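Residue strings, one per chain:
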Amino acid sequence: MSPLEIIMEYPWPWLSWMIPVVGAVLIPVLGKIDHKLRDYGAVFFAALAAVAAASMIPSLLSGHTHGDIRLLTWITFPNGAPLEIGVLVDPLSIIISNVVAFISFLIVVYSVGYMHGDPNLDRFWFFFLFFIGNMLLLVLSNNLLQTLIGWEGVGLCSYGLIGYYYRDAKERWLGGPPPTKMFPPSHCGMKAFVVTGVGDVFILGAIFIIFNYAGTLNYHDLIQTAPEWLPKMASVPGLVALTAILFLGGPIGKSAQFPLHEWLPEAMAGPTSVSALIHAATMVKAGVYLVARMSPVFYIGTWFLHIAEAQWYFIAIALVGAFTCFLAASQALVSVELKKILAYSTVSQIGYMMLGLGLSGFSEEAYIAGLTAGIFHLASHALFKAALFLCAGSVIHALESIYIFNMGGLKKHMPKTYLLMLLATISLSGIPPFSGFWSKDAVFLSALVAGTPLAMGLLAVGVICAAMTFAYSIRFISKTFLHEESEYIHDMEKHGHHVHEAPTVMWGPIAILVGLFIIIGLLGLVGLVSPSLSPEIFIEERLHHAVEHILPYEVAEALHVPHIGAGTKITGALLSFVALAVGGFLGYNFYWTRKWDSWAWVQANGLRKSIHTFLWNRWYMNSTFYAIFVYGLIDFGKGLFNTLESLFFDKITAFVSDSTIAFGRVLHVFETKVYDPALNVGIPTAFIQGGRVLKVFENRVYDPALNVGIPTAFIWGGEALFNDLETNVFDRGLNEGIPATATGLYHHVKKLQTGVLSYNIIYIILVFLILILGFMSRQIWR
């Protein structure tokens, strides 16, 4: 089949990521035509992407997904292995792509009202749609290299959106309140880009190692051939563990987990709809998705091939997730910026997702349970956290302040926003029957199924974090909407600016999100009676089906969904209720009723005051990172300049410069005193004088010899040859001597023939003498 025929056979995964990308390219054109056309065009493209993603749901429900669809060969590696452009349509990618596409569409609708009147909406919509397209490309790609393109795409767009207010007007700065250090939006965007880029370097290294041993980057092929290439990698001690840690560096950076988590609080510098997009539906979920996508490889290595190092993939991400969950929740307890509290909450909740995925590798039985918990909490959190951020945006849009101490009493001014944010906060807190309770409870259950001592310790951390989550949730909802109005609001009203409810275009999408997570929560409640209706069971069955089809046959045969007994479920629920009771008790008394003065309670004790200062300063991690990697590098550069540069390189440069100048002067003297005279005077003079000598030689010697001497010599020689050789030899010898000899011989022969005795005697004597002489010479030579 041709590429076009392949796309037309099942177009939805292709269209879901292509449409937003095409829309992003067309946005500047639509902006030139009409601003409303541009705004509604952005909504249209986002809606089409959501429809395309939703068109894959029927195959999810039927259980017959299309799997690995390969379009065409993109690259042929030196080992002959092809890398095909393609999409992977399985339950994992269908679930997450629908979460991304649908929530992004609602945020786009919300942004039409929130960003109304902004002069730079061409740029905003371009980055927004391009962000959506790259996130969907990331989720639907069938190989690591194509995933990496989407991965870097969302990173680039996050830089543009977080630093959207790049002109750095003072009212856009984040942090504080003064004198606490504040950061401009452009700095925040660059911080996100650089910190996530650190993680990208690690994952790139891991991809190179994996390809070196596996010879492919296709997910399906990597998993199917894992029993062949993982043992080769394991033959190098420590390499499997190193590869696992390096690979996790990318998800840790992209999903803002410790130690690469400090970029996310500053990501609040962008418009609130951007915060909702990044923290709920897209970028921070990319890391969770990739950990889940590659987990079958390390599950095979751990439990089928019994490579102990492979389990570090799960142990490391579980430890990081649990610690980050606690770290971020503690900072949310003291933060005074509404969006930053929600940002810390996002970091903490992603920690839960990573914890669930990590627990999936603690035992054979826990794999499906942990994988389900991580993905279920991802989907649940995306709904209620998007609602929370959009509600926060409505509040900030009305008040033009990011600080919760400038709020208070907004319930009467913004009743719809209050109700929607309260319901989303309840879900975040994990109160039943909302979706947040079931998804967080699934993480606790996965730890109980794993059953190892480390899993129990991580479960304890998760329960503590659940209590902290409820406490800071009560804190921000009460300080925003309850109690008396702040002086800031009074001053606003005095100047004629009245706080008002958000328009329908803004609270409408929030209501849809709230309705969805309430429905999911109610289905979870119904699922206690009819398990087939439970969203957790639904996701669990689909993921089990997906994993079974992608694993090698012999591994899939041993894979099973664990039966979680009633006792285990009750234990998990009790732990959730204990956390709610502790967190609710503290939050209710400190913030809801203000029965206890939280600030006085902190200041009354030196230890509590120190703890608050420690948390307020973000565990001193941000300042430490700046001291080492920002100011430290700057100071190091200054030190190099003052020492190595000034004392060595500058002096070397001066020496080289002076030496060069001196050498140039010597060359100049040589050129003017020797080279130029020789070249311009001596050599031409020598050639002239040589020419004159040659002329004299030619006139006095060569010409006379050639024109006179040689012809004369030939004439003289000819005359001598004629007179001597011709006349005396040839003429006389040949012409006279030969005939005379012949005549004489004739006469002697004639006499001999006449018989005269004297002649015969003479000849006989001569012959006899010749014979005697011959004989004597022979005797002598002997």
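Residues numbered from 1 in each chain as written. Predicted model: local features only at pLDDT ≥ 70, side-chain atom pairs only at ≥ 80, totals over all residues. Heavy atoms only, no water.

A separate point is the nonpolar core. Among the nonpolar cores identified, the biggest contains 220 residues, and Trp263 and Phe476 are the most heavily contacted of them. Take this core: its biggest share by element is 22 residues, from helix α17 (residues 366-399). Non-local contacts of Phe476, meaning those with residues more than four positions away in its chain, are made with Leu338, Ile341, Leu342, Leu388, Met421, Thr425 and Leu428. (Core = buried A, V, L, I, M, F, W, Y, C linked by side-chain atoms within 4.5 Å. Buried < 20%, exposed > 50% of the residue type's maximum accessible area, 1.4 Å probe, protein only. Helix = DSSP H or I, 4+ residues; strand = E, 2+ residues; numbered from the N terminus. Contact = heavy atoms within 4.5 Å.)

In the predicted model, the protein chain carries a mean pLDDT of 88, and 91% of its residues have values of at least 70. When pLDDT is averaged over each helix and strand of the protein chain, the minimum, 60, is found for helix α29 (residues 757-781) and the maximum, 97, for helix α15 (residues 312-332). (pLDDT = per-residue confidence, 0-100.)

Let us now look at the packing of helix α19 (residues 435-450) against helix α20 (residues 453-481). Across the interface, α19 lies against α20 with an axial gap of 8 Å and an inter-helix angle of 165°. With respect to α20, the element α19 is oriented roughly antiparallel. Note that α19 runs across α20; the crossing there is left-handed. On the side of α19, the interface is formed by Lys440, Phe444, Ala447, Leu448 and Ala450, while α20 contributes Ala455, Met456, Leu459, Gly462, Val463, Ala466 and Thr469. (Axes fitted to C-alpha atoms, helices over the stretch in contact; angles between N-to-C directions. Parallel < 35°, antiparallel > 145°, perpendicular 65-115°, else oblique. Left-handed = near helix turned anticlockwise from the far one by under 90°.)

Each assigned domain of the protein chain is listed here: domain 1 (3-596), domain 2 (602-635) and domain 3 (639-781). Here the C-alpha centre of domain 3 lies 101 Å away from the C-alpha centre of domain 1. (Domains from an automatic or database assignment.)

Okay, α20 next. The terminal C-alpha atoms of α20, which comprises 29 residues, lie 43 Å apart, in line with the 42 Å expected from a rise of 1.5 Å per residue. His483 sits one or two residues past α20 and shows a positive phi near 65°. (Expected span 1.5 Å × (residues − 1).)

The next point concerns the environment of Ile315. Mapping Ile315 onto the fold places it in helix α15. Placed 96 residues apart in sequence, Ile315 and Tyr219 show a C-alpha to C-alpha distance of 22 Å. The contacts of Ile315, once residues within four sequence positions are left out, are Phe362 and Leu454.

Counted under the stated rule, the structure contains 15 salt bridges. In this structure, Asp39 and Arg38 form a salt bridge, with 3.1 Å as the shortest nitrogen-oxygen distance. The residues Asp39 and Arg38 share a single accessibility class, namely buried. Note that Asp68 and Arg70 form a salt bridge whose closest N and O atoms lie 2.8 Å from each other. (Salt bridge = Lys/Arg side-chain N within 4 Å of Asp/Glu carboxyl O.)

Let's shift gears to unusual backbone geometry. A cis amide bond links Phe258 to the next residue, Pro259, at an omega of 5°. On the secondary structure map, Pro259 appears in the loop between α11 (239-254) and α12 (263-266). The peptide bond linking Pro432 to Pro433 adopts the cis configuration, its omega dihedral lying at 5°. Looking at the secondary structure, you find Pro433 in the loop between α18 (415-429) and α19. Unusually for a residue other than glycine, His306 sits at a positive phi of about 60°. Counting through the fold element by element, His306 comes out in the loop between α14 (283-304) and α15.

A complete count under the given rule lists 32 aromatic pairs for this structure. Centre to centre, the rings of Phe183 and Tyr626 are 5.5 Å apart; their planes meet at 25°, and the pair counts as stacked. Taken together, the residues span a long stretch of sequence, with Phe183 in strand β4 (residues 182-183) and Tyr626 in helix α28 (residues 621-754) at a distance of 443 residues. For Phe183, a relative accessible area of 6% corresponds to the buried category. The interplanar angle of 25° and the centroid separation of 4.3 Å between the aromatic rings of Tyr299 and Tyr367 together place this pair among those described as stacked. Taken together, the positions of Tyr299 in helix α14 and Tyr367 in helix α17 put the pair 68 residues apart, joining distant regions of the chain. (Phe/Tyr/Trp six-rings, centres within 6.5 Å; stacked < 30°, edge-to-face > 60°.)

This part covers the layout of surface pockets. In this structure, the largest pocket encloses a volume near 1100 Å³. Every residue lining the largest pocket is counted, 40 residues in all, and those nearest its centre are Leu333, Arg475, Lys479, Tyr591 and Ser598. Mapped by element, the contributors of at least two residues to the lining of the largest pocket are α15, α20, α25 (566-592), α26 (598-603) and α27 (606-616). Considering only residue class, the lining of the largest pocket consists of 25 nonpolar, nine polar and six charged. Two domains each put at least three residues into the lining of the largest pocket: domain 1 (3-596) and domain 2 (602-635). (1 Å grid on protein atoms, 1.4 Å probe; cavity = no way out; pocket = protein on both sides within 12 Å on 5 of 7 lines; lining within 4 Å. Points joined across faces, edges and corners; volume = space filled by probe spheres on them. Nonpolar A, V, L, I, M, F, W, Y, C, P; charged D, E, K, R; others polar.)

Before going further, it helps to examine the side chain of Ser295. As for its placement among the helices and strands, Ser295 is situated in helix α14. Setting aside residues up to four positions removed in sequence, Ser295 forms contacts with Tyr313, Phe314, Tyr367 and Leu371.

Moving on: the packing of helix α7 (residues 144-162) against α14. Relative orientation of the contacting elements α7 and α14 amounts to 160°, with a least axis distance of 10 Å. Our classification of the angle between α7 and α14 gives roughly antiparallel. In this structure, α7 meets α14 at a crossing whose hand is left-handed. The segment α7 lies against α14, with Leu144, Thr147, Trp151, Val154, Gly155 and Ser158 engaging Met283, Ala286, Gly287 and Leu290.

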